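# Structural characterization, general
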Amino acid sequence: MTAVLARPADDGPRRVLADALMQAGDPRGEFIAVQLELAQGAEPHALRELYFRERAFLNQYERTWTAWMEPHVGWTRPWVRFRRGFLHALHLDGSVFDAMRYDLPTHAPLLSRLRLWIGRDDSPEMMLLPALSSLSTLTLAAGTDLSGHLEVLGRHDQLQLKTLRVQGEAGA
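Cut-offs used in this document
Residues numbered from 1 in each chain as written. Predicted model: local features only at pLDDT ≥ 70, side-chain atom pairs only at ≥ 80, totals over all residues. Heavy atoms only, no water. Helix = DSSP H or I, 4+ residues; strand = E, 2+ residues; numbered from the N terminus. Expected span 1.5 Å × (residues − 1). Buried < 20%, exposed > 50% of the residue type's maximum accessible area, 1.4 Å probe, protein only. Arc of directions from axis to C-beta. Polar contact = N/O pair within 3.5 Å; in protein donor to acceptor, adjacent residues only side chain to side chain. Bend = angle between axes of the 7 residues up to and from the residue. Contact = heavy atoms within 4.5 Å. Salt bridge = Lys/Arg side-chain N within 4 Å of Asp/Glu carboxyl O. Axes fitted to C-alpha atoms, helices over the stretch in contact; angles between N-to-C directions. Parallel < 35°, antiparallel > 145°, perpendicular 65-115°, else oblique. Left-handed = near helix turned anticlockwise from the far one by under 90°. Pairing = 2+ DSSP bridges. Core = buried A, V, L, I, M, F, W, Y, C linked by side-chain atoms within 4.5 Å.

Moving on, we come to helix α2 (residues 11-23). When the terminal C-alpha atoms of α2 are compared, their 18 Å separation across 13 residues agrees well with the 18 Å that a helix rising 1.5 Å per residue should span. What α2 keeps buried is the set Asp11, Pro13, Arg14, Leu17, Ala18 and Leu21. The arc that holds every buried residue of α2, seen down its axis, measures 155°, which confines them to one face. Pointing more than 90 degrees away from the buried face of α2 are the exposed residues Val16 and Gln23. The opening residue of α2 is aspartate 10, an N-cap whose side-chain oxygen sits 2.8 Å from the backbone nitrogen of glycine 12. Just downstream of α2, glycine 25 is the residue with a positive phi angle, here 80°.

Written out as structure tokens, the structure is:
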């Protein structure tokens, strides 16, 4: 896992991890292998089977692989997407993000895309959380003024964002 985190764009360490997990009988290994094949553009005749296998793994194991979120999300299930075997994208309410800020780096170290629904009571200071540092895409959505959140986000000194989307009011 250390090699995967050190070289997140390289599929080599992911393949080694997938093999080790499969040898240990962990279904996550085969899931990683299937998603790697899909990401590399498998042969057209193999794509359908790979998609079915991917969906079967997610149907059976997604709740297990995201169980760490349950204390934070309550009865709602967040929208999640896995890519190349790891949690890649997540849609959350701002209050849920704030509550799980310490768990994200541990359980979703390769999280790349985050969509936050910012509520009226969500503090702009959440935009300074270290969990935002590794994101390439951040979408802020709200039905209220986001100018305070955007101002604080501008002070985040470790952001590596390639894309920032604002859906809602960016200023009063």
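This part covers helix α4 (residues 44-65). Remark: the principal bend of α4, roughly 45°, maps to asparagine 59. Contact partners of the buried residues in α4: α3 (27-39) and β1 (79-83).

Our focus in this paragraph is the pattern of salt bridges. Tallied over the full model, the rule gives 6 salt bridges. Arginine 63 is the salt-bridge partner of glutamate 70, the closest N and O atoms lying 3.6 Å from each other. Judged by its relative accessible area of 33%, glutamate 70 is partly exposed. The shortest N-O distance in the salt bridge between arginine 155 and glutamate 125 comes to 3.7 Å.

Glancing now at the environment of aspartate 145. Summarising the element assignment, aspartate 145 is placed in strand β4 (residues 137-145). With 62 residues separating them in the primary sequence, aspartate 145 and arginine 83 have C-alpha atoms 32 Å apart.

This part takes up the packing of α3 against α4. Angle between the axes and distance between the axes: these two values describe a pair of packed helices. Between α3 and α4, the least distance of the axes is 10 Å, while the angle of their chain directions is 140°. The angle between α3 and α4 places the two elements in the oblique class. Along this stretch, α3 crosses α4, giving a crossing that reads as left-handed. Contact residues: α3 offers Pro27, Arg28, Glu30, Phe31, Val34, Gln35, Glu37 and Leu38, while α4 offers Leu47, Leu50, Tyr51, Arg53, Glu54, Phe57, Leu58, Tyr61 and Trp65.

Our focus in this paragraph is the pairing of strand β2 (residues 86-93). Most of β2 sits out of view: 6 of its 8 residues are buried. Here 5 bridges tie β1 to β2, and the two strands are oriented antiparallel to one another. Looking at the pairing, tryptophan 79 lines up with histidine 91 of β2. Direction of pairing for β2 relative to strand β3 (residues 113-117): parallel, over a ladder of 5 bridges. Within β3, the residue paired with leucine 90 across the bridge is leucine 114.

What follows covers the nonpolar core. Leu92, Phe97, Leu104, Leu114 and Leu116 are the most contacted members of the largest nonpolar core, which totals 37 residues. For this core, the secondary structure elements donating two or more residues are α3, α4, β1, β2, α6 (94-99), β3, β4 and α8 (147-153). Per element, the largest residue contribution to this core is 4 residues, and it comes from α4. Look past the residues within four positions of leucine 92 in its chain and what remains in contact with it is Val73, Pro78, Phe97, Met100, Leu114, Arg115, Leu116 and Trp117. The next biggest cluster of nonpolar side chains, apart from the first, holds 9 residues, and it includes Leu17, Leu36, Phe86 and Leu110.

The subject of this paragraph is unusual backbone geometry. We note that arginine 84 has phi near 55°; this positive angle belongs to a residue other than glycine. With respect to the helices and strands, arginine 84 occurs in the loop between β1 and β2. When its relative accessible area of 18% is taken as the criterion, arginine 84 is described as buried.

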